[in-house]
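The chain contents come next:
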Amino acid sequence: MIAHNDYLYSFGGFTGESPKNLTSFGTIDRFDLRPESNAWTTLELKLSKPRSQHSVVQFEDRVYILGGWDSAVLGSGSPTAHEDAFHRNIEVFDLKTETFLDSDLELPSTGRRAFASLVWNNKIILAGGFGEKRGAFLKSVIQLDPATKTWSELPALPKKLIFPMIVSFWGNLYLVGGSGRESIETSYVLTPTSKEWMPTSIQTGDLVERTITQINDKEWLLFGGRFADDSLSPKIDIIKSTR
């Protein structure tokens with residue numbers, strides 16, 4: 001979800017009645033926040049392909065739509081269907097004109113879904129997720145420089161994770177959760193000059209797929225998520241920095 005001026009924008013996603021019956025779609029929906037409207041509109045413009053478990057990042061007045069896959073391709077019967085379902089192309093949406101810009105950008109080395117993304121130091125960061133190979137959990141962290149359209153690598157995550165939760169506070173990156181074959185119960189920090197993610201004193205607990213929101217410059221709000229047995233949690237935690 002992207003907020004810009006009086007609107008919220010949503011790009012693609014899943015639809016379905018159950019986790020085993022989900023279909024990717026490519027519509028772009030816009031919510032008008034103004035009190036006199038307060039309504040959703042589906043734009044005539046669509047993504048080039050249905051896309052879900054992807055990520056959207058706003059950089060200046062542009063939205064970068066990265067990664068993800070088209071779940072319908074999985075049923076094609078092709079022996080390479082799993083790899084073919086992934087999207088490597090990156091679409092760029094202009095918020096001023098509500099049009100797509102010409103883009104030849106692609107993810108390097110492998111497509112990915114269920115990953116983290118954010119802007120840090122004027123770069124677009126992608127971390128973790130599922131890779132194209134079936135069962136491939138990723139720990140790699142890469143960054144795109146929108147100005148030069150070039151990719152580079154950052155230190156890998158301490159563990160292979162899907163749905164990693166990474167936020168930028170005080171000039172650093174913080175890993176505060178994720179799901180994988182190994183649990184994440186301690187947060188980690190990466191500074192602009194460090195060569196690896198270092199553990200912090202902040203404990204994140206045994207929940208995964210949580211949502212994080214910054215309350216102020218010293219507190220984060222963690223809420224929701226699920227346990228290892230897939231049951232959902234209404235738990236809300238406040239994480240306080242000692243800085």
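Let me sum up the structure you'll find in this document. Since the model is a prediction, treat every value here as computed from it, not as a measurement.

## So, the overall build of the protein chain
A count of helical and extended segments in the protein chain gives one helix and 21 strands. When the 243 residues of the protein chain are sorted by exposure, 46% land in the buried category. In the protein chain, once contacts between residues fewer than 6 apart in sequence are set aside, the share between residues at least 24 apart is 42%.

## Notes on the side chain of R51
The residue R51 is located in the loop between β4 (39–46) and β5 (55–59) in this model. Residues in contact with R51, not counting those within four places in the same chain, are G12, G13, S24, F25, I65, L66, G67, G68, W69, H87, N89 and E91.

## A short note on the sheet that holds strand β8 (residues 99–101)
Taken together, the four strands give an open sheet; going across it, the order is β5-β6-β7-β8, and neighbouring strands pair in antiparallel fashion. Each edge of the open sheet carries a strand with a single partner, namely β5 and β8. Going from strand to strand, the sheet's axes swing by 30° on average, the running direction of each strand aside.

## Focus: the pattern of salt bridges
Within this structure, the stated rule accounts for seven salt bridges. One salt bridge connects D32 with R34, and the closest N-O pair in it is separated by 2.7 Å. For D32, a relative accessible area of 9% translates into the label buried. We note a salt bridge from E83 to K133, for which the minimum N-O separation is 3.9 Å. Taken together, the residues span a long stretch of sequence, with E83 in helix α1 (residues 81–84) and K133 in the loop between β12 (130–131) and β13 (141–145) at a distance of 50 residues. The class for E83 is partly exposed, based on a relative accessible area of 24%.

## Considerations on the sheet that holds strand β10 (residues 116–120)
Strand order in the open sheet made by the four strands is β10-β11-β13-β14, with antiparallel pairing throughout. Edge positions in the sheet fall to β10 and β14 (150–154), since each of these pairs with one other strand and no more. Strand after strand, the sheet turns through a mean of 25° between neighbouring axes, direction not considered. Across four bridges, the pairing between strand β11 (residues 123–127) and β13 is antiparallel. Along β13, the bridge assignment pairs I124 with L144.

## Details of the side chain of D145
Structurally, D145 can be placed in strand β13. Among buried Asp, Glu, Lys and Arg side chains, D145 stands out as unpaired, with K123 the closest opposite charge at 4.1 Å. Among the polar contacts listed, one links the side chain of D145 to the backbone nitrogen of A147, at a separation of 2.9 Å. For D145, the residues in contact, after removing those within four places along its chain, are K123 and T150.

## Points about the environment of V167
Along the chain, V167 turns up in strand β15 (residues 166–169). As a C-alpha pair, V167 and A116 span 51 residues in sequence and 9.1 Å in three-dimensional space.

## Section: unusual backbone geometry
Most peptide bonds take the trans configuration, and most residues that are not glycine carry a negative phi. The backbone of N38 sits at a positive phi, close to 55°, despite the residue not being glycine. Structurally, N38 is set in the loop between β3 (21–32) and β4. The exposure class of N38 is exposed, given its relative accessible area of 51%. Even without a glycine there, the phi angle at W170 is positive, about 55°. Along the chain, W170 falls in the loop between β15 and β16 (172–175).

The rules behind the values
- Residues numbered from 1 in each chain as written.
- Predicted model: local features only at pLDDT ≥ 70, side-chain atom pairs only at ≥ 80, totals over all residues.
- Heavy atoms only, no water.
- Helix = DSSP H or I, 4+ residues; strand = E, 2+ residues; numbered from the N terminus.
- Buried < 20%, exposed > 50% of the residue type's maximum accessible area, 1.4 Å probe, protein only.
- Contact = heavy atoms within 4.5 Å.
- Pairing = 2+ DSSP bridges.
- Axes fitted to C-alpha atoms, helices over the stretch in contact; angles between N-to-C directions.
- Salt bridge = Lys/Arg side-chain N within 4 Å of Asp/Glu carboxyl O.
- Lys, Arg positive; Asp, Glu negative; His and termini not counted.
- Polar contact = N/O pair within 3.5 Å; in protein donor to acceptor, adjacent residues only side chain to side chain.

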